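Spelled out from the first residue to the last, the chains are:
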Amino acid sequence: MNQSKSSRFIDKISVPIISILCGFLLGALIMLFFGYNPIAAYNAMIMPVITNPYFIGEVLRQATVLTLTGLAFNIAYQSGFFNIGLSGQLVAGWLTSVAIGLAFPDIPRIIMVPLILVLGTLAGALYASIAGVLRAYLGTNEVVVTIMLNYIMLYTTNYLIREVLGTGNQTEKVGDNASLALGWLTTLTSGSRINIGIFIAIAMVLLYGFVMKNTTTGFELRSVGLNKDAAVYAGINAEKNIVLAIFISGALAGLAGVIHGIGTFGNLYTLNSLPSEGFNGIAVGLLGMGTPLGTFLASLLFGLLNIGASFMPTRAGVPDELASVITAAIIFFIGSSYIIRYGLDKLKNRKVKQAGGDK
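Bear in mind that the values here come from a model prediction, so they are computed numbers and not experimental data.

(A) How the structure looks around a nonpolar patch on the surface. On the surface, Leu115, Val118, Leu119, Leu122 and Leu126 cluster together to form a nonpolar patch covering roughly 400 Å² of accessible area. Tracing the backbone through its elements, the reader meets Leu122 in helix H5 (residues 109-138). When its relative accessible area of 35% is taken as the criterion, Leu122 is described as partly exposed.

(B) Representation of helix H6 (residues 142-165) within the structure. When we look at burial in H6, the residues that qualify are Glu142, Val145, Thr146, Leu149, Asn150, Met153, Leu154, Thr157, Asn158 and Ile161. Packed against the buried residues of H6 are helix H4 (86-103), H5 and helix H12 (276-287). In this structure Asn141 caps H6, since a side-chain oxygen of it lies 2.9 Å from the backbone nitrogen of Val143.

(C) A look at H5. Taking 1.5 Å of rise per residue, the 30 residues of H5 would be expected to cover 44 Å, and the 43 Å separating its terminal C-alpha atoms lies within 8% of that figure. At Ser129, H5 is deflected by roughly 30°, the largest bend along its length.

(D) Molecular detail of the packing of helix H2 (residues 38-50) against helix H13 (residues 292-308). With their axes 9 Å apart at the nearest point, H2 and H13 run at an angle of 105° to one another. Here H2 is positioned roughly perpendicular relative to H13, judged by the angle of their axes. Contact residues: H2 offers Ala44, Met45, Ile46, Val49 and Ile50, while H13 offers Leu304, Leu305, Ile307 and Gly308. A per-class count over the contact of H2 with H13 returns eight nonpolar, one polar and no charged.

(E) Expanded view of the pattern of salt bridges. Applying the stated criterion across every chain, the model contains four salt bridges. The partner of Glu58 in a salt bridge is Arg61, and the shortest N-O contact between them spans 2.9 Å. One end of the pair, Glu58, and the other, Arg61, are both in helix H3 (residues 53-77), three residues apart, so they sit about a helical turn from each other. As far as burial versus exposure is concerned, Glu58 and Arg61 are alike and both buried. The residue Glu142 makes a salt bridge to Arg135 at a minimum N-O spacing of 3.0 Å. A cluster of three or more residues bridged by salt bridges with shared partners is formed by Glu58, Arg61 and Arg193.

(F) How the structure looks around the nonpolar core. In this structure, Leu68 and Ile116 are the most contacted members of the largest nonpolar core, which totals 62 residues. Counting residues per element, the ones that place at least two in this core are H3, H4, H5, H6, helix H8 (197-214), helix H9 (216-226) and helix H11 (238-265). Considering every element that reaches this core, the biggest residue donor is H11, with twelve residues. What Ile116 contacts, discounting residues up to four positions off in sequence, is Ser97, Ile100, Gly101, Thr121, Ala178, Val258 and Ile262.

(G) The arrangement of the side chain of Thr295 in detail. Here Thr295 is to be found in helix H13. Of note is the side chain of Thr295, whose polar atom sits 2.8 Å from the side chain of Asn74. The contacts of Thr295, once residues within four sequence positions are left out, are Thr67, Gly70, Leu71, Asn74, Val284, Gly285 and Gly288.

(H) Up close: the packing of H2 against H3. Direction vectors running N to C along H2 and H3 enclose 100°, while the axes themselves pass 6 Å from each other. Comparing the axis directions of H2 and H3 gives the class roughly perpendicular. Two secondary-structure elements touch here, H2 through Pro48, Val49 and Ile50 and H3 through Phe55, Ile56 and Val59. Here the residues of the contact of H2 with H3 are counted per class, giving six nonpolar, no polar and no charged.

(I) Representation of unusual backbone geometry in the model. One non-glycine residue, Ser190, lies in positive phi territory at about 55°. Turning to its location among the elements, Ser190 is positioned in the loop between helix H7 (183-188) and H8. Using a relative accessible area of 48% as the deciding quantity, one classes Ser190 as partly exposed. Despite not being glycine, Met289 has its phi angle at roughly 55°, a positive value.

(J) Quick look at the packing of aromatic side chains. Enumeration over the complete set of coordinates arrives at twelve aromatic pairs. With centroids separated by 5.3 Å and ring planes inclined at 15°, the aromatic side chains of Trp94 and Phe265 adopt a geometry described as stacked. Taken together, the residues Trp94 in helix H4 and Phe265 in helix H11 connect sequence positions 171 residues apart. Using a relative accessible area of 1% as the deciding quantity, one classes Trp94 as buried. Each residue in the set Tyr54, Phe55 and Phe311 is aromatic and connected to the rest through ring pairs, giving one cluster.

(K) Layout of the confidence of the model for the protein. Taken residue by residue, the protein gives an average pLDDT of 89. The fraction at 70 or more is 92%. The weakest mean pLDDT in the protein belongs to helix H16 (residues 337-358) at 67; the strongest belongs to H4 at 97.

What counts and what doesn't
Residues numbered from 1 in each chain as written. Predicted model: local features only at pLDDT ≥ 70, side-chain atom pairs only at ≥ 80, totals over all residues. Heavy atoms only, no water. Patch = residues over 30% accessible without salt bridge, like charges linked within 9 Å, V, L, I, M, F, W, Y side chains within 5 Å. Areas by Shrake-Rupley, 256 points an atom, 1.4 Å probe, with all protein chains shown as cover. Salt bridge = Lys/Arg side-chain N within 4 Å of Asp/Glu carboxyl O. Helix = DSSP H or I, 4+ residues; strand = E, 2+ residues; numbered from the N terminus. Buried < 20%, exposed > 50% of the residue type's maximum accessible area, 1.4 Å probe, protein only. Contact = heavy atoms within 4.5 Å. Polar contact = N/O pair within 3.5 Å; in protein donor to acceptor, adjacent residues only side chain to side chain. Expected span 1.5 Å × (residues − 1). Bend = angle between axes of the 7 residues up to and from the residue. Axes fitted to C-alpha atoms, helices over the stretch in contact; angles between N-to-C directions. Parallel < 35°, antiparallel > 145°, perpendicular 65-115°, else oblique. Nonpolar A, V, L, I, M, F, W, Y, C, P; charged D, E, K, R; others polar. Core = buried A, V, L, I, M, F, W, Y, C linked by side-chain atoms within 4.5 Å. Phe/Tyr/Trp six-rings, centres within 6.5 Å; stacked < 30°, edge-to-face > 60°. pLDDT = per-residue confidence, 0-100.

Dropping the structure here:
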C-alpha cells in the first residue's frame, strides 16, 4: 500500500472510529452526571461477553442479522434509495420461512433448508420491489412508502399468526429438517443460538464486495446513486437499476428474516413493534461507511452493545437503557459525520499550510 492509498484509508476509517469514541465518551459523561462509574459500567458490559463462549455466540448471532440488514441498506443507499423498510422486509422473510417449514414438515432437510432460504429471500425482495417500482416509474417518496409497507407487513403478520398459522400469539416450532441449527457450532458456544446463518452472512459480505467493485452491475448501481442524470446520459437505465437495487436490498433483509425464523427462534410470534434489527441495520451500514467489511465489524460492535447491556444493572448498577444511549450517541455522531470530516479537513489543511510555510 503506497503512501497515497494509506492516507486515503486512514481518512476513510477515521470518521467511524471518532464517531464510536465520541459515542462512548458521551455515554461516560452521562453516567458521570447521574453518579455512575463509567469504567465499571463499560467493564461490566464488555468483559463478561468476550470471556464467555455462550455470549460470544450470541453476539455473532446478532451480528449475522445486522450484517445482512446493514448490507441491505448499503446497496439501496449507494444506488440513491433510502430504504426505511428493512424491518418489514425482514418480517416478510421471517413469515415465509416459518410458514413453509410448518406447511411441509416431511420434506428432507437437504431440500427444505435451501428451499426456505430461496423463498424467504424472494419474499423480502418482492415486498421491497413495491417501493422500488413506485419510486422508479412514478417518482413517489421511498421513505414514506417503505414506512407504510413496514406497518402493513407487521399487522398482516400478526393477523396471520392469530387466525391462520398459530394458536394464540405464536406458531408452533418448525421441525429439525427446517432448522439452520448446527450441532457442533451450538456445542462450541455452550448452547448459544448461533447457526449456519453466520456463514451465510460472511458469504454475502464477500459477494457484496465483489459485485459492487468488480462487475458492471455494481458500477451501474453506484453510478445511478452518485448522479442519476449523468448515468442516464451515459446510457445506463436508471429505472431498471433503482428497481434492481431495492430488489437486492429487500432480498438481503428477507434473508435476515429467514435466519431469524428457522435459525434463531424456530417460530414466529406476534410482534408489538417492528424488529429493531431493521433500523439498527441502517446505523450499522452507515457506521461501516458503506463497505462490506466495515458493515460486518459494525454489526459485531452493535451485537456486543446489545448483549453486554444486560450486565450493566447487575454488575455496575447502571440501567441497561444507558447502553441504548451509547448506541444512539454513536448514531448521532455518524449522522453528524460531516462535522467530524470538516474538522479533520481543516486540521489537514492547517498542517499542509504550516508545512508550506516551513519551506
